[in-house]
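# Remarks on the overall topology
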Amino acid sequence: MKRILYYIPFIAFGLFYALILFSGANSISSIVWLWLALFLASGILMGRNISWGAIFGMLPAIHLIYMGTKDTGQIINETPIGIMVFIFYAVCFYICRKSKK
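Let me begin by describing the structure that accompanies this report. (Residues numbered from 1 in each chain as written. Predicted model: local features only at pLDDT ≥ 70, side-chain atom pairs only at ≥ 80, totals over all residues. Heavy atoms only, no water.)

Note that E78 resides in the loop between α3 (54-69) and α4 (79-100). In this structure, E78 is buried with no salt-bridge partner, the nearest side chain bearing the opposite charge being K70 at 11 Å. In contact with E78, not counting residues within four places along its chain, are L64, M67 and G68. (Helix = DSSP H or I, 4+ residues; strand = E, 2+ residues; numbered from the N terminus. Buried < 20%, exposed > 50% of the residue type's maximum accessible area, 1.4 Å probe, protein only. Lys, Arg positive; Asp, Glu negative; His and termini not counted. Salt bridge = Lys/Arg side-chain N within 4 Å of Asp/Glu carboxyl O. Contact = heavy atoms within 4.5 Å.)

What follows is the structure, given as structure tokens:
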């Protein structure tokens, strides 16, 4: 049950972007596909007790924080979401590292 914890961002963002796609949006930015791939890779690696897999999850979080500093006309500011995802993966890194010992 603990291993499903590592897939929460992949599931949440995947469902969100699937909802956007099925609601009639023409396309999604290609960077989103990279984010989802990184979230999935991170979940798989941490599920196998490879703690540095959290770094793959932190990369999209850092990108979200960076994009929140740019004025792109987004309705939602990405910085708080990026900070929450970054903290999530930092905690997952700690949990994975601690369970390894």
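Scanning the model with the defined rule gives five aromatic pairs in all. Look at W52 and F56: their rings are 6.0 Å apart centre to centre, the planes differ by 65 degrees, and that puts the pair in the edge-to-face class. Members of the aromatic cluster, each reached through a chain of ring pairs, are F13, F39, F88 and Y89. (Phe/Tyr/Trp six-rings, centres within 6.5 Å; stacked < 30°, edge-to-face > 60°.)

Our next topic: a nonpolar patch on the surface. A cluster of nonpolar residues, W52, I55, L59, I62, I83, F86, I87, V91 and F93, forms a patch on the protein surface that exposes about 790 Å² of accessible area. Sort the elements by how many residues they give to the nonpolar patch and α4 lands first, with five residues. Inspection of the secondary structure puts L59 in helix α3. Exposure remark for L59: the relative accessible area of 41% places this residue in the partly exposed category. (Patch = residues over 30% accessible without salt bridge, like charges linked within 9 Å, V, L, I, M, F, W, Y side chains within 5 Å. Areas by Shrake-Rupley, 256 points an atom, 1.4 Å probe, with all protein chains shown as cover.)

The analysis is restricted to geometry; functional conclusions fall outside its scope.
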